[in-house]
Amino acid sequence: MSPLLGCIADDVTGASDLASALTNGGMRTELWLDGYQPAVVEPTVDAIVIALKTRSIEADDAVQRSLNALQTLQACGVQQILFKYCSTFDSTDTGNIGPVAEALMEALEAPYTIFCPATPENGRTVYCGQLFANGKLLHRSGMEHHPLNPMTESDLTVVLKRQSQRNVGLIPHPVVTQGAAAIASAFQSHVQQQRPLIVVDAIDEDDLQEIAKAVVTMPLVTSGSGLGAQLPRAYYDAGMLPKRHRATTPPVGRGNALVLAGSCSAATREQVAVWPAEWPSMGLDVAALLRGDLTLSAIADWARDALRDRHALIYSSSSPENVKANQNELGTQRTASALEEVMGGVARAVVADGIQKLLIAGGETSGAVVRAIGLRRFRIGPAICPGVPWMESLDEPRLAIGLKSGNFGDAHFFRSALEMLP
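Note that the structure is a prediction, hence the values are computed from the model and not measured.

A. Spatial organisation of the overall build of the protein. Summing up its helical and strand segments, the protein has 15 helices and 18 strands in all. The C-alpha radius of gyration of the protein comes to 21 Å, within 12% of the 22 Å expected for a compact globule of 422 residues. Here the C-alpha coordinates of the protein stretch approximately 65 × 45 × 35 Å along the principal axes. When contacts within the protein are restricted to residue pairs at least 6 apart in sequence, long-range pairs at least 24 apart make up 74% of them.

As C-alpha cells, then:
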C-alpha cells in the first residue's frame, strides 16, 4: 500500500514538528532528509516528510528543490501533498512560501490551495487573515527581530500577495465555524472569483478539524503543523486510513547527551539560562571563532572531556541586540556559516567517539548537524513537548536525536527531554 500523505517541509525542525504531529495523530511516519532516494518504501508507512533547507534561500533554488522533493514523493505513490512552513509564516517579501506553493500547484495541476499556518497548541492563530503569536500580532511578537526573516507584517494576505503571481482570498472565521461543507463551498467561490491562493482563519483545534475535513481530497495543502495534526483523524473518518497507530517507544540511545543550541529565540535563551548547574556548558564567542582564536578542534576537545561524566551544552544563543551587533560587525552570512560549521563539526566529532544522544535547538543548527553527520532517514518516536519528538536514525550511525524549533518548549525543556531516555 502506498503512503497516504507526502510532505515537503522548508526546514528540518519544521519537518520533525510535522512528523511528530502526524505520528501523534496515528500515522506511521518517516522523516527523510533532502536527497534521500529509497530503494523501496515499507508498506507500513502512512506518511513521509521530506526536510529541505529552503526557507531563506533564493526563491528559484527553493522552488527547484521543492519540485525535486515532489518527484521523490510521487515516485513513492503518495496520494496527497502537504507543503509545510513555519507557523510564524516567516519568509521574505519575494519568497519562498508563495513561489514554492505556486510551483507545486502547477506541477500537480491543482486549481487552488489553502494557506493555514495556525497552530493553536503553540500559540499561533489566524483571525481576519492576521497571524497572532501568543496573543500578539506577528509583527509585535518578537518575530520582527528575527535574524534572517524579520516579519514586519501580520496580514497573511498582504505577505502572500507580495510573493505570488496569483490572486489571494480569505475565508474568515465566521465561515470556518459553520463547518467543513461551508469551508469547501467557500473554496469554490474563491476559485470562481479567480482567487486560487486561499488564506483560512483558525483560532482553535475545532476550526482545524473542520478545515481538515474540507481538504482531505485536495491534491495540495499548505500549512503549519497544526492542520497536519488534524489530517490523520480526517483521513480515518473518511475511510482513507484503515487504522490509527501511535508512537510510544523512545529511541535507542544510552550514555550522556550533547545539547547544541543555536537558536536566539526567547524560549531557547531561557532554556539555556536554566541549564542545570551540575551539567557543564560552553558559550561560543563568534568573534573569536572568526578571528581563529577559538577553533573547532578546541571546542570538540572540550565537549569530549565534558561528556565523560555529564550531559553537556554548547550554545551560541544570544540576545537580539548582540546578534544584530555581530551581524553588523562581522556579516550576517559569515556569522551564520561559522556557527553552523562549528555545531555540525562538533556533533560529527562526538558521534565518531560513540555519543548516541543529540538534542539540537534551532532550525539552521539542526540542519547543519544532521548534514554533518550524514543522517538521512528517521523513525518518529514520542513527543518531548508539542512539536518536538525524539527520533531514531534508521541509517548509520544509529542515534537518538531531537530537533527543536527555537520557540518551542518550556524553560526546562532540555532536562525533560533527557530524562525521557535511559
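Following the structure, the description resumes.
B. Main features of the environment of S223. Relative to the helices and strands, S223 resides in strand 11 (residues 220-223). Linking S223 and V369, residues 146 residues apart in sequence, is a C-alpha distance of 26 Å. Those residues in contact with S223 that lie beyond four places of it in its chain are L82, F83, K84, Y85, C116 and G228.

C. Structural view of the pairing of strand 15 (residues 357-361). The element strand 15 is largely enclosed, with a buried count of five among its five residues. Here strand 15 shows two buried faces, one formed by K357, L359 and A361 and the other by L358 and I360. Bridge count between strand 15 and strand 18 (residues 400-404): five bridges; the pairing is parallel. When the sheet's bridge partners are listed, A361 is paired in strand 18 with K404.

D. How the structure looks around the sheet that holds strand 7 (residues 130-133). Taking strand neighbours across the sheet as the criterion, the three strands line up as 6-7-8 in an open arrangement whose pairing is antiparallel. Two strands in the sheet have a free side with no partner beyond their single neighbour: strand 6 (124-127) and strand 8 (136-137). As paired strands, strand 7 and strand 8 are joined by two bridges and run antiparallel to one another. Bridge pairing in strand 8 places F132 opposite L137.

E. Representation of helix 3 (residues 97-108) within the structure. Taking 1.5 Å per residue as the helical rise, helix 3 with its twelve residues ought to reach 16 Å, and the 16 Å between its terminal C-alpha atoms agrees with that figure. Across the twelve residues that make up helix 3, a large majority, ten, are buried. Looking only at helix 3, the buried set comprises I97, G98, P99, V100, A101, E102, A103, L104, M105 and L108. Phi turns positive, to about 55°, at E109, one or two residues after helix 3.

F. Layout of the nonpolar core. Counting 117 residues, the largest nonpolar core has I114, F187, I211, I314 and L358 as its most contacted members. For I114, the residues in contact, after removing those within four places along its chain, are Y85, F187, I198, V200, I211, V215, M218, V221, T222 and L227. Membership of the second largest hydrophobic core comes to 20 residues, among which are A261, W279, L313 and I384.

G. Spotlight on the pattern of salt bridges. Tallying each qualifying case throughout the model produces 21 salt bridges. R166 serves as the salt-bridge partner of E102, at 3.3 Å between the closest nitrogen and oxygen. Taken as a pair, E102 in helix 3 and R166 in the loop between helix 4 (156-162) and strand 9 (168-171) lie far apart in primary sequence, 64 residues in all. Ionic pairing is found between E392 and R379, a salt bridge with its closest N-O pair at 3.0 Å. Of the two residues, E392 is situated in strand 17 (residues 388-393) and R379 in strand 16 (residues 377-385); the sequence distance between them amounts to 13 residues. Since its relative accessible area comes to 26%, R379 is described here as partly exposed. The network of salt bridges with shared partners includes D10, D11, R55 and D90.

H. Region of interest: the packing of helix 2 (residues 59-75) against helix 3. One way to put it is that helix 2 packs onto helix 3 with a least axis distance of 9 Å and a crossing angle of 40°. Relative to helix 3, the element helix 2 lies oblique. Taken as a pair, helix 2 and helix 3 cross one another with a handedness that is right-handed. Residues A59, A62, V63, S66, L67, L70 and Q74 of helix 2 form the contact with helix 3, whose own contacting residues are P99, V100, A103, L104, A107 and L108. Here the residues of the contact of helix 2 with helix 3 are counted per class, giving eleven nonpolar, two polar and no charged.

Definitions and limits used
- Residues numbered from 1 in each chain as written.
- Predicted model: local features only at pLDDT ≥ 70, side-chain atom pairs only at ≥ 80, totals over all residues.
- Heavy atoms only, no water.
- Helix = DSSP H or I, 4+ residues; strand = E, 2+ residues; numbered from the N terminus.
- Rg over C-alpha atoms; globule rule 2.2 N^0.38 Å.
- Contact = heavy atoms within 4.5 Å.
- Buried < 20%, exposed > 50% of the residue type's maximum accessible area, 1.4 Å probe, protein only.
- Pairing = 2+ DSSP bridges.
- Expected span 1.5 Å × (residues − 1).
- Core = buried A, V, L, I, M, F, W, Y, C linked by side-chain atoms within 4.5 Å.
- Salt bridge = Lys/Arg side-chain N within 4 Å of Asp/Glu carboxyl O.
- Axes fitted to C-alpha atoms, helices over the stretch in contact; angles between N-to-C directions.
- Parallel < 35°, antiparallel > 145°, perpendicular 65-115°, else oblique.
- Left-handed = near helix turned anticlockwise from the far one by under 90°.
- Nonpolar A, V, L, I, M, F, W, Y, C, P; charged D, E, K, R; others polar.

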